[in-house]
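These are the residues of each chain, in order.
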Amino acid sequence: MSKAPLYGLVLAGGHSRRMRRDKASLDYAGRPQLARAVELLRARVARCFVSIRADQHQDPQRDGYDSIMDLLPDLGPIGGIHAALAAHPDKAWLILACDLPFLDAATLDHLIAQRSETHIATAYRSSHDGLPEPLCAIFEPASRVVIEHWLEQGQHCPRTLLARSNALLLEPISASALDNVNTPEQYAAAAAQLAGDTPPTSGTQPPADPHSPDGARPAHAAHSLRLTVRYFALLREQAGRSTEALQTQACTPLQLYQELRRLHGLALDPQFLRVAINDEFGDWHARLSDGDTVAFLPPVAGG
Amino acid sequence: MNAFSLHDTVLSTERLRQSLLDPGCGGCVVFEGWVRDRNDGRRVLRLEYEAFAPLALREGSRILAEARERFGVERAYCAHRIGSLAIGELAVWTGVSAAHRGEAFEAARYIIDQVKHRVPIWKKEHYESGDSGWVNCERCAAAADEHTETGHAGHGHRHALT
């Protein structure tokens, strides 16, 4: 059986909230990132598309590219992947995020060479934490039903999807190729590197501490979220703080709590807690967004 | 004034009572929760209350709106202390005024019960023996340590994860 033809999709439908500017239009070495990503991809796939939200339909930055509009709103990256697989169900899709300025041809070529059609997807492991990197990955036609089932369950996190599915995970060939850029500070540092003065110091930098504030270099934690966490009562005492700002790979409050539980040695099992997102009660399986404030609430005892 | 309020200074019962006055009301029920000198057989020296203020105000106000709606009472207020409280101090006050006494009693009972279960406020007891503990938290923490399901089932603080 021959492999399904490979199409390419650049995800450019994000809100770029932390960057406060459209990530697709950010300039690196004189060219906007969307154009750089499309160029890299186009040479390697049969057809190349740009994923957009409905309200980006006439956006000049995206105009001029073949586009695929999200079918379901506000799902984040998985909404773009879902729409592409629905539009061309017999094709495999090489998905690329629009915030990977260090992505190189070798990384894409290796991904394509290693592609396995007996898996639903082929992806790199993060050089930071070993988890799948879903936004530089090939999704086979068979992934469509898996994604649809995932969405029906109310799940949105593509990283968790790949971690739990039959995906082939490759070791990264470059430590920084999948570093993403989320904040103005990270952009300034990345743009300076790519301007030619300092080549990316592949593999020589220690991994970013996911719990420290952004440094002036791109985060190693690709597609991570910047969150504020609040602790109360017993959890506040055990965490040794009432609030903290952090960067995390977690997609849901439950994943976040499990991460923090290990980090701070929190005693309370999540079954005894409630979670609040942005000052309102929330769901443990809700999809967290960049900039959210998450509070973990121990058993209450007013009165 | 917000129907549910948090205070880091002594509550004025007279001012709170004034908020209930209504010419259409023939009855008023007030519940006061005080700091007691013992709990679970241990001598308590003082209490410390902590709140997640924005959500506590929101959830408290929702409870009061529910009470007005369910029982048809005219006015319903609740004020809760935060910070350090001595034995005998007023920790929580809730008051309801209504046309008749029946719905006022029911609404007041509903409010204080719901507030204790739903509003993100926590209470730490400082004991005579020198140690201290967060009410309702310590048993859960101990249960998690033991990785056992026994001993805490039914105390009403487990929350569904799905």
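Now for a description of the structure that goes with this document.

About the thresholds
Residues numbered from 1 in each chain as written. Chains lettered and ligands numbered in written order. Predicted model: local features only at pLDDT ≥ 70, side-chain atom pairs only at ≥ 80, totals over all residues. Helix = DSSP H or I, 4+ residues; strand = E, 2+ residues; numbered from the N terminus. Buried ≥ 20, exposed ≤ 12 C-beta atoms within 10 Å, placed from the backbone. Contact = placed C-beta atoms within 7 Å. Pairing = 2+ DSSP bridges. Axes fitted to C-alpha atoms, helices over the stretch in contact; angles between N-to-C directions. Arc of directions from axis to C-beta. Expected span 1.5 Å × (residues − 1).

**Details of the overall build of chain A**
Then step 1. Across its full length, chain A holds eight helices and 14 strands.
Then step 2. Out of the 303 residues belonging to chain A, those deemed buried represent 47%.
Then step 3. Relative to all contacts within chain A whose residues are 6 or more apart in sequence, the contacts with residues 24 or more apart total 70%.

**Notes on the overall build of chain B**
Then step 1. Across its full length, chain B carries four helices and nine strands.
Then step 2. When the elements of chain B are put in sequence order from the N terminus, they spell out β-α-β-β-β-α-β-β-β-α-β-β-α.
Then step 3. When burial is assessed residue by residue, chain B has 36% of its 162 residues classed as buried.
Then step 4. In chain B, the proportion of contacts linking residues at least 24 apart, taken out of those at least 6 apart, comes to 74%.

**Focus: the sheet that holds strand β8 (residues 132–139) of chain A**
Residues and elements named next belong to chain A.
Then step 1. Spatial strand order, β5-β4-β1-β6-β8-β7-β9: seven strands in an open sheet with mixed pairing. Either end of the sheet is taken by a strand with one partner, and the two such strands are β5 (67–69) and β9 (167–170). When the angles between neighbouring strand axes are averaged without regard to direction, this sheet yields 30 degrees.
Then step 2. Note that strand β6 (residues 92–97) and β8 share four bridges and pair antiparallel. Residue pairing for β8: Leu96 is matched across the bridge by Cys136.
Then step 3. The strands that helix α3 (residues 105–114) touches are β1 (6–11), β7 (121–125), β8 and β9; relative to β7, the one it contacts most, it runs at about 135 degrees.

**With respect to helix α6 (residues 184–194) of chain A**
Residue and element names in this part refer to chain A.
Then step 1. When α6 is considered as a whole, its buried residues turn out to be Gln186, Tyr187, Ala190, Gln193 and Leu194. Relative to the axis of α6, the buried residues are bounded by an arc of 130 degrees and lie together on one face.
Then step 2. Those residues of α6 hidden inside the fold are in contact with β2 (27–28).

**What about the sheet that holds strand β2 (residues 27–34) of chain B?**
Residues and elements named next belong to chain B.
Then step 1. A sheet is described by the order of its strands in space; here four strands give the open sequence β1-β5-β7-β2, paired in mixed fashion. Looking at strand neighbours, the two that pair on one side only are β1 (4–7) and β2, the edges of this open sheet. Averaged over all pairs of adjacent strands, the angle between their axes in this sheet comes to 10 degrees, without regard to strand direction.
Then step 2. Across four bridges, the pairing between β1 and strand β5 (residues 75–81) is parallel.

**Observations regarding the interface of chain B and chain A**
Then step 1. The interface is formed by 27 residues belonging to chain B together with 24 residues belonging to chain A.
Then step 2. Counting only elements with at least two residues in the side of chain B that touches chain A, the list comes to α2 (53–71), α3 (101–118), β8 (121–127) and α4 (138–146) of chain B.
Then step 3. Element by element, the count of residues in the side of chain B that touches chain A is highest for α4(B), at four residues.

**Topic: the environment of Ile173(A)**
Residues and elements named next belong to chain A.
Then step 1. Within the secondary structure, Ile173 is located in the loop between β9 and α6.
Then step 2. Exposure remark for Ile173: the 16 C-beta atoms within 10 Å place this residue in the partly exposed category.
Then step 3. When the C-alpha atoms of Ile173 and His110 are compared, they prove to be 8.2 Å apart, with 63 residues separating the residues in sequence.
Then step 4. Apart from residues lying up to four places away in sequence, Ile173 is in contact with Ala106, Thr107 and His110.

**Quick notes on the environment of Arg62(A)**
Residue and element names in this part refer to chain A.
Then step 1. Within the secondary structure, Arg62 is located in the loop between β4 (47–52) and β5.
Then step 2. Judged by the 21 C-beta atoms lying within 10 Å of it, Arg62 falls in the buried class.
Then step 3. As a C-alpha pair, Arg62 and Leu34 span 28 residues in sequence and 8.1 Å in three-dimensional space.
Then step 4. Other than its neighbours up to four places away in sequence, Arg62 contacts Ala12, Ala24, Val50, Ile52, Gln56 and Ser67.

**Looking at unusual backbone geometry**
All names here are of chain A.
Then step 1. The phi dihedral of Ala233 falls on the positive side, at around 50 degrees, and the residue is not glycine.
Then step 2. Here Ala233 lies in helix α7 (residues 233–239).
Then step 3. The backbone of Asp279 sits at a positive phi, close to 65 degrees, despite the residue not being glycine.
Then step 4. Structurally, Asp279 is set in the loop between β12 (274–277) and β13 (280–282).

**Structural notes on helix α8 (residues 253–264) of chain A**
All names here are of chain A.
Then step 1. When the terminal C-alpha atoms of α8 are compared, their 16 Å separation across twelve residues agrees well with the 16 Å that a helix rising 1.5 Å per residue should span.
Then step 2. Of the positions making up α8, those classed as buried are Pro253, Leu256, Tyr257 and Leu260. Summarising the axial view, the buried residues of α8 lie within an arc of 95 degrees, below the 170-degree limit, and thus occupy one face.
Then step 3. Structurally, α8 contributes buried residues whose contacts are with β10 (225–231), β11 (243–248), β12, β13 and β14 (293–297).

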